[in-house]
Amino acid sequence: MHPDISSVLISEEEIRSRVSQLAREIEALYEGRELMAIGILKGSVPFLADLIRKISLPVSYDFMAVSSYGEATESSGIVRITYDITGDISGKEILIVEDIIDTGRTLSHLKAFLKAKGPASVRIATLLDKPDRRVVPISVDFTGFSIPDEFVVGYGLDYANRYRNLPYVGILKPEVFH
Ligand code: PRP
């Protein structure tokens, strides 16, 4: 285990198994249709890459980037789109793919932004959810794991852009970010 991690919250094997289950849920809901996954940079990349390869429907994908946290550990409440999808999404089934939902501000803003482009649907898949931290109510269609309010990193999640490449989700030692 990485020396900055106090404990593993979700192991590599637990992630792998849950991602496969989510893929089955997604296939059931979109049966016979194509979907377009939109990964929110940067944290969603490992989850998006693993999830789409488990889905046996036609899946295209694109990315968006938003700026909300910077290098701080708390949300500023300001959501700014810094990179937008490139193509037309009118009439498409859109699945936003996130690593974590915390206050809900980012996804609530993004969902409204994407809906305004006229897709057939906009749904949300997140690997992690911290429901205790919610400020803006948001309905999440596919959730990997609901977790307590701990500072977690790994499998895409960072602290100051570090730890994203850990294959598990771990709790960061408080002395690392204090
Ligand atoms: C994280 C996460 C979401 C957002 C969730 O991104 O990927 O986009 O915060 O927080 P919210 O529910 O409070 O809005 P972050 O800003 O850490 O960017 P990153 O993915 O590039 O690390």
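This is a predicted model, so every value here is computed, not measured.

**Q** Can you help me understand the sheet that holds strand β9 (residues 169-172) in this one?
**A** Two modes of strand pairing occur in sheets, parallel and antiparallel, and in both the strands are linked by backbone hydrogen bonds. Spatially, β1-β9-β8 is the arrangement adopted by the 3 strands of the open sheet, whose pairing is antiparallel. One side of each edge strand has no neighbouring strand; the edge strands of this open sheet are β1 (5-10) and β8 (152-153). Note: β8 against β9, 2 bridges, orientation antiparallel. Across the sheet, Val152 pairs through a bridge with Ile171, a residue of β9.

**Q** Teacher, can you tell me more about the environment of Val97 here?
**A** Considering the arrangement of structural elements, one finds Val97 in strand β5 (residues 93-101). When the C-alpha positions of Val97 and Leu128 are compared, they lie 11 Å apart, and in sequence the two are 31 residues distant. What Val97 contacts, discounting residues up to four positions off in sequence, is Ala37, Ile38, Gly39, Ile40, Ser44, Phe47, Leu48 and Ala125.

**Q** Would you take a moment to explain the environment of Gly87 for this structure?
**A** Along the chain, the position of Gly87 falls in the loop between β4 (80-83) and β5. Distance from Gly87 to Asp62, taken between C-alpha atoms, is 8.7 Å for residues 25 residues apart in sequence.

**Q** Honestly, the site of the ligand in this entry has me stumped. Any pointers?
**A** Around the ligand there are 16 residues in total, and Glu98, Asp99, Thr103, Gly104 and Thr106 lie nearest to it. For the ligand, an oxygen atom lies 2.4 Å from a polar atom in the side chain of Asp99. A distance of 2.8 Å separates an oxygen atom of the ligand from a polar backbone atom of Asp102. Relative to its free-state accessible area of 500 Å², the ligand is covered by the protein chains to the extent of 91%. Elements that contribute at least two residues to the shell around the ligand include exactly β5 and α3 (105-115). Considering each element in turn, the shell around the ligand owes the most residues, 4 residues, to β5. Residues belonging to the shell around the ligand are distributed by class as follows: 4 nonpolar, 5 polar and 7 charged.

**Q** How should the sheet that holds strand β7 (residues 142-146) be read in this particular structure?
**A** Strand order in this open sheet of 6 strands is β4-β3-β2-β5-β6-β7, and the pairing throughout is mixed. On the outer flanks of this sheet lie β4 and β7, each paired with one strand and no other. For this sheet, the mean angle separating the axes of adjacent strands, direction not counted, is 30°. Sheet analysis places β5 next to strand β6 (residues 121-129), joined by 8 bridges and oriented parallel. If you follow Glu93 over to β6, its bridge partner there is Ser121. Against the sheet, α3 engages β2 (35-41), β3 (59-67), β4, β5 and β6, with an angle of about 165° to β5.

**Q** I tried to follow the layout of surface pockets on my own but got confused; where do I start?
**A** Within this model, the second largest pocket holds a volume of roughly 180 Å³. Around the second largest pocket sit Glu12, Ile15, Arg16, Val19, Asp50, Arg53, Lys54, Tyr155 and Pro167, which together line it. A total of 4 residues in the lining of the second largest pocket trace back to one element, the largest contributor, which is helix α1 (residues 12-29). The class makeup of the residues in the lining of the second largest pocket is 4 nonpolar, no polar and 5 charged.

**Q** Looking at this structure, I do not really get a nonpolar patch on the surface. What am I missing?
**A** Among the surface-exposed residues, Leu41, Val45 and Tyr83 lie close enough to one another that they form a single nonpolar patch of about 220 Å² accessible area. Within the fold, Tyr83 resides in strand β4.

What counts, and at which threshold
- Residues numbered from 1 in each chain as written.
- Predicted model: local features only at pLDDT ≥ 70, side-chain atom pairs only at ≥ 80, totals over all residues.
- Heavy atoms only, no water.
- Pairing = 2+ DSSP bridges.
- Helix = DSSP H or I, 4+ residues; strand = E, 2+ residues; numbered from the N terminus.
- Contact = heavy atoms within 4.5 Å.
- Near = heavy atom within 4 Å.
- Polar contact = N/O pair within 3.5 Å; in protein donor to acceptor, adjacent residues only side chain to side chain.
- Areas by Shrake-Rupley, 256 points an atom, 1.4 Å probe, with all protein chains shown as cover.
- Nonpolar A, V, L, I, M, F, W, Y, C, P; charged D, E, K, R; others polar.
- Axes fitted to C-alpha atoms, helices over the stretch in contact; angles between N-to-C directions.
- 1 Å grid on protein atoms, 1.4 Å probe; cavity = no way out; pocket = protein on both sides within 12 Å on 5 of 7 lines; lining within 4 Å.
- Points joined across faces, edges and corners; volume = space filled by probe spheres on them.
- Patch = residues over 30% accessible without salt bridge, like charges linked within 9 Å, V, L, I, M, F, W, Y side chains within 5 Å.
- Salt bridge = Lys/Arg side-chain N within 4 Å of Asp/Glu carboxyl O.

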